[in-house]
Amino acid sequence: MNTQTHTRRYDLDWLRVIAFGLLIFYHVGMYYVTWGWHVKSPYESDFLEPFMMLLNPWRLPLLFIISGIAVRFAADKMAAGPFAWARFKRLMVPFLFGSLVIVAPQTYYELLGKGQVTPEYWDFYLGYLDLNQRWDVVTPTYNHLWYVLYVLIYTMVAIPLLMLLRPLKLSGWAARVATSPLVLILPVLPFLLYRFTSDIAFPETHDIRGDWGAHLRYGSWFVLGLLIAKSDVIWDGVRRQWRLSLALAVSAAITLSAVWPKWDDLTPEGAVMQIMRGLRIFFIWWVIAALFGAAEAKLNKPSKALTYLTEAVFPYYILHQTVIIMIGVALKPYLVGAVPEFFMVVIGTAAVCAVLHEYVIRRVAILRPLFGLKGAKPVPAPVSSVSA
């Protein structure tokens, strides 16, 4: 099968849709697990945590790599200035709207549960917009929309780099390395270094003002996307090695799953913990490489469903966390049971996002840019590269 790095990559569009879908399921899970989150279900337990521990390492790196690939495709079609302005509008408008309007109910229910605000939403919202208001949460805030802000920042910073990448090609020994099993090892080495240096010095906070560890890590995944986007050699290497990568990912998942329940019993600086920390980093890339190879083999073809979902996924992303919280809070007093409640939250979130996107957002011209959609057409024409 020929690599299609310079034409439409339907497989990457599918992976983007799947990754955001998994993100929605992950945030539903956050309502139930014992880890801290904005609000919690009355059926809070550790049942879902093993599954989420396997999903958590690679879900965001995958999105940042795909965002880097998308930026490379888009930037190569425009001059640097127009591209920067177009991308700034495309991401900053929904980020600001989402932070000021969509995210606010999340903070309201979080603070209401802590007894820090009264039930009157308008009174809360005035405080939410007051920069001098001090609750447990600094407001206004952006919660899950941090990803949009970070992608915007990395895009602006990377624009000068894009000019240097256009003539870059791998040849000779570099090409041989890229098509060998070393393609499953070498890209991981910078992230292995981060794990034992910057990640320790700067724990992830999603607070843009000092999240240096996350910026270095996610920014590097984003740059990796820029680098591999149009490299036929690297895509050829991933295609050749994806079955090996899948086997390695499964082996790492089994090993990590066996160790994680005993994590608190390990010596913090002992050899076993350090090896597992390193294995987790390799696990990220092995999963992503396996997904890239499998998707190119199985999903690199157009479909009406993909065309629709490629547009829908960004509005779903902006809406989903607020919808999860509102449905969860509404169901909480009825104590319907853990399993029924879980399915009601999942199905309800998907349904609300689908209805709002289909019948409101994509059909009202003024709302389209507020949710990251292009133009004013109800049904936009297909684009020629993977969407950002």
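Residues numbered from 1 in each chain as written. Predicted model: local features only at pLDDT ≥ 70, side-chain atom pairs only at ≥ 80, totals over all residues. Heavy atoms only, no water.

Draft legend 1. Spatial organisation of the overall build of the chain. Counting secondary structure elements, the chain contains 14 helices and zero strands. Overall, the chain shows an N-to-C arrangement of helices and strands of α-α-α-α-α-α-α-α-α-α-α-α-α-α. Per-residue burial over the chain gives 52% buried out of 388 residues. Summarising the internal contacts of the chain: among those between residues at least 6 apart in sequence, 76% fall at separations of at least 24. Within the structure as shown, the chain displays about 18,200 Å² of accessible surface, and the carbon and sulfur contribution to it stands at 70%. Of the side chains in the chain, 34 bear a positive and 24 a negative charge, and the two mean positions are spaced by 13 Å. (Helix = DSSP H or I, 4+ residues; strand = E, 2+ residues; numbered from the N terminus. Buried < 20%, exposed > 50% of the residue type's maximum accessible area, 1.4 Å probe, protein only. Contact = heavy atoms within 4.5 Å. Areas by Shrake-Rupley, 256 points an atom, 1.4 Å probe, with all protein chains shown as cover. Lys, Arg positive; Asp, Glu negative; His and termini not counted. Charge placed at Lys NZ, Arg CZ, Asp CG, Glu CD.)

Draft legend 2. How the structure looks around helix H11 (residues 232–259). Spanning 28 residues, H11 covers 38 Å between terminal C-alpha atoms, matching the ideal 40 Å at 1.5 Å per step. At Gln241, H11 shows its maximal bend, which comes to roughly 55 degrees. (Expected span 1.5 Å × (residues − 1). Bend = angle between axes of the 7 residues up to and from the residue.)

Draft legend 3. Representation of unusual backbone geometry. The peptide bond linking Thr139 to Pro140 adopts the cis configuration, its omega dihedral lying at -10 degrees. Considering the arrangement of structural elements, one finds Pro140 in the loop between helix H5 (121–129) and helix H6 (146–165). Despite not being glycine, His206 has its phi angle at roughly 65 degrees, a positive value. By the element assignment, His206 lies in the loop between helix H9 (198–201) and helix H10 (212–228).

Draft legend 4. A look at the packing of aromatic side chains. This model, assessed by the stated rule, comprises 33 aromatic pairs. Their ring planes at 20 degrees and their centres at 5.5 Å tell us that Phe124 and Trp135 sit as a pair that is stacked. Of this pair, Phe124 sits in helix H5 while Trp135 is found in the loop between H5 and H6, placing the two residues 11 residues apart along the sequence. Each member of the pair Phe124 and Trp135 is classed as buried. (Phe/Tyr/Trp six-rings, centres within 6.5 Å; stacked < 30°, edge-to-face > 60°.)

Draft legend 5. Inspection of the pattern of salt bridges at higher detail. Tallied over the full model, the rule gives 16 salt bridges. Notably, a salt bridge pairs Glu110 with Lys114, separated by 3.5 Å at the nearest N-O pair. As a salt-bridge pair, Asp207 and Arg209 come within 2.7 Å of each other at their nearest N and O atoms. Judged by its relative accessible area of 63%, Arg209 is exposed. Members of the salt-bridge network, linked through shared partners, are Glu311, Glu358, Arg362, Arg363 and Arg368. (Salt bridge = Lys/Arg side-chain N within 4 Å of Asp/Glu carboxyl O.)

Draft legend 6. Layout of the environment of Trp37. By the element assignment, Trp37 lies in the loop between helix H1 (10–30) and helix H2 (49–75). For the pair Trp37 and Gln321, spaced 284 residues apart in the sequence, the C-alpha separation amounts to 11 Å. With near-sequence residues (within four places) excluded, Trp37 lies in contact with His27, Met30, Tyr31, Gln321, Ile324 and Ile325.

Draft legend 7. Here's a closer look at the nonpolar core. Counting 113 residues, the largest nonpolar core has Trp285 and Phe292 as the members making the most contacts within it. Ranked by residues supplied to this core, first place goes to H2 with 14 residues. Beyond its immediate sequence surroundings of up to four residues, Phe292 is in contact with Asp11, Leu12, Leu15, Leu62, Ile65, Ile66, Ile69, Ile228, Trp235 and Val238. (Core = buried A, V, L, I, M, F, W, Y, C linked by side-chain atoms within 4.5 Å.)

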